[in-house]
Amino acid sequence: MSNFLQVVFSGMVLGLIYSVIALGYQSTYSTSKTLNFGQGEAVALGGLLAFTLAPLVSYWGAIPLVALAGAGLGLLTYHAAVAPALKRGSESGWILGTIALGPLVLKNVFEAVWGKDDLAVAAPFSPAPFVLFDIRILPMEVLTMGAVGAAVLGLGWFMARTRYGKAVTAVAIDRSTAELMGIRSSLVVSGSYALSGALAAIAGLLIAPLTTTSASMGVVLGLKAFQVAVLGGLTSARGVLVGGLFIGVLDAVTAYSVSSLYKEIPGLVLLLLMLSFRPTGLFGSAVIKKV
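Student: Got a minute to help me understand the overall build of the chain in this structure?
Tutor: If you tally the helices and strands in the chain, you get ten helices and two strands. Moving toward the C terminus, one meets the helices and strands of the chain in the order α-α-α-β-β-α-α-α-α-α-α-α. For 291 residues, the compact-globule formula gives about 19 Å, and the C-alpha radius of gyration of the chain, at 19 Å, lands near that figure. The principal-axis extents of the C-alpha atoms in the chain amount to approximately 55 × 45 × 35 Å.

Student: How should I be thinking about the pattern of salt bridges in this particular structure?
Tutor: Pairing between side chains of opposite charge can happen when the charged atoms of each approach one another. Counted by the stated rule, this structure contains two salt bridges. Residue lysine 107 is joined to glutamate 111 by a salt bridge in which the shortest nitrogen-to-oxygen separation is 2.9 Å. Taken as a pair, lysine 107 and glutamate 111 lie in helix α3 (residues 93–114) at a separation of four residues, close to a single helical turn. Note on accessibility: lysine 107 and glutamate 111 belong to one class, buried.

Student: In this structure, what is going on with α3? I would like to understand it.
Tutor: An α-helix turns once per 3.6 residues; consequently, residues spaced three or four apart project the same way. With 22 residues, α3 ought to run about 32 Å at 1.5 Å a step, and its terminal C-alpha atoms sit 30 Å apart, in line with that. By the largest-angle criterion, leucine 106 marks the main kink of α3, which is about 30°. Among the structural elements, α2 (39–88) and α8 (217–232) are those in contact with the buried residues of α3. One or two steps after α3, the chain reaches glycine 115, where phi turns positive at roughly 85°.

Student: It is not clear to me how the side chain of threonine 28 should be interpreted in this structure. Could you clarify?
Tutor: The residue threonine 28 is located in helix α1 (residues 2–32) in this model. Classification of threonine 28 as buried rests on a relative accessible area of 1%. Excluding its chain neighbours within four sequence positions, the residues that come into contact with threonine 28 are Lys33, Thr34, Leu35, Asn36, Ser192, Tyr193 and Ser196.

Student: Looking at this structure, how should I read the packing of α8 against helix α9 (residues 237–257)?
Tutor: Any two packed helices are characterised by the angle at which their axes cross and by the distance between the axes. Between α8 and α9, the shortest axis-to-axis distance is 8 Å and the interhelical angle comes to 125°. On the basis of their axis angle, the class for α8 and α9 is oblique. When you trace α8 past α9, the crossing you get is right-handed. Of the residues in α9, those touching α8 at Lys224, Gln227, Val228, Ala229, Leu231 and Gly232 are Gly239, Val240, Gly243, Gly244, Phe246, Ile247 and Asp251. Across the contact of α8 with α9, the residue classes break down as six nonpolar, five polar and two charged.

Student: What's the story with the packing of α1 against helix α4 (residues 139–161) in this structure? I'm lost.
Tutor: For the pair α1 and α4, the least separation of the axes is 10 Å and the interaxial angle reads 35°. In terms of crossing hand, the pair formed by α1 and α4 is left-handed. Facing Phe9, Ser10, Val13, Leu16, Ile17, Val20 and Leu23 of α1, the residues of α4 in contact are Glu141, Thr144, Met145, Val148, Val152 and Leu155. Taken together, the residues of the contact of α1 with α4 break down into ten nonpolar, two polar and one charged.

Student: Which parts of the structure should I look at to understand the environment of glycine 40?
Tutor: Its location among the elements puts glycine 40 in helix α2. When its relative accessible area of 3% is taken as the criterion, glycine 40 is described as buried. A sequence separation of 182 residues divides glycine 40 from glycine 222, and the C-alpha atoms of the two residues are 4.0 Å apart. What glycine 40 contacts, discounting residues up to four positions off in sequence, is Gly218 and Gly222.

Student: What should I look at first to understand the nonpolar core in this one?
Tutor: Buried together is how nonpolar side chains tend to be arranged in soluble globular proteins. Counting 60 residues, the largest nonpolar core has Ile21, Tyr25, Phe110, Trp114 and Leu221 as its most contacted members. Mapped onto this core, the elements with two or more residues apiece are α1, α2, α3, α4, α7 (185–207), α8, α9 and α10 (264–277). The element best represented in this core is α2, accounting for 16 residues. With sequence-adjacent residues up to four places away left out, tryptophan 114 is seen in contact with Leu45, Leu48, Leu49, Phe51, Thr52 and Leu119. Listed in part, the five residues of the second largest apolar core include Val168, Val171, Ala178 and Val188.

Rules and cut-offs
Residue positions are given per chain, counting from 1 as you read along its sequence in written order. Whole-chain, interface and lining totals are the exception, using all residues; otherwise, since this is a predicted model, local features are given only for residues with pLDDT of at least 70 and side-chain atom pairs are given and counted only at 80 or more. Side-chain numbers come from the whole structure's heavy atoms, not from hydrogens or water. Each helix is a run of H or I in the DSSP string that is no shorter than four residues. Each strand is a run of E no shorter than two, and both are numbered from the N terminus. We take the radius of gyration over the C-alpha atoms and set the globule estimate at 2.2 Å times the residue count to the 0.38 power. By salt bridge we mean one thing: a side-chain nitrogen of Lys or Arg within 4 Å of a carboxyl oxygen of Asp or Glu. Any residue under 20% of the maximum accessible area for its type is buried, any over 50% is exposed, and the rest in between are partly exposed; the area is computed with a 1.4 Å probe on protein chains only. Working rule for helices: expected span equals 1.5 Å times residues minus one. The bend reported for a residue corresponds to the angle between axes fitted to the seven residues ending at that residue and the seven starting there. Any two residues whose heavy atoms approach within 4.5 Å at even a single point are treated as in contact. Axis geometry follows a simple rule: fit a line to the C-alpha atoms, using only the stretch in contact for helices, then measure angles between N-to-C directions, giving values from 0 to 180 degrees. In this scheme, roughly parallel covers angles under 35 degrees and roughly antiparallel covers those over 145, while 65 to 115 is roughly perpendicular and the rest are oblique. By definition, any crossing whose near helix is turned counterclockwise from its far helix by less than a right angle is left-handed, and any crossing with a clockwise turn is right-handed. Polarity classes work like this: nonpolar for Ala, Val, Leu, Ile, Met, Phe, Trp, Tyr, Cys and Pro, charged for Asp, Glu, Lys and Arg, and polar for all others, with Gly in that last group. Here, nonpolar core refers to any group of buried Ala, Val, Leu, Ile, Met, Phe, Trp, Tyr and Cys residues whose side-chain atoms link them within 4.5 Å.

Here it is, written out as structure tokens:
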């Protein structure tokens, strides 16, 4: 039983990281009904920059630099791959554009700079775990849980209390009406892409000391976050959080009870079922359009 609880806890920590990346998907979808399918490359960038910067400026000093780099990558993705497609009115151009820029172009750039090998990033705390209720807990796992909680609470406060957050909410509800009220929706959408990239990069920085980092890590993590977003609902932050915990625990339990070779299968099957029977997700709501 103690081994099983250990597996569940580890899955929860990993699921919280999935949730942070999935919040980026939710951010862009809410303002523009588009998704950045190169989101995983922002995760890889965060981990790779942590590997490079942590020895120079410390792990803590790398955090703002990684967040800025992720935001810059998000803006690059929007202006290079998404905005031109939206301007042309192409419903599929942004899909192809984000895939081409992310998994195809950026992944190869990262491999050219950092190589293809897995890279280790030292944790800012002692690697020695402490035991709570027969569960071995790493200090880095506590930091990850705290960082995710702070991100969720901070985003909630930002959306509810700040002027920009209210503009994001207005654009998400009705973009045309928001523009008539003087809100520049293009700035709001580009800001959502910057936020998406920053969240993903921070997720990469968090996960790197727990596992390793590499130029190819974003492919799997981006897909996992997409599963989480679809399961929980692209319109529900609560759903993204619950979906992340569920997928993380499901992966960990499958790897423990069956085999690590098959841990991806249950999540993929669940993704197909959700897309087929409830595309709005467990907590998402359908959008009714008047025509």
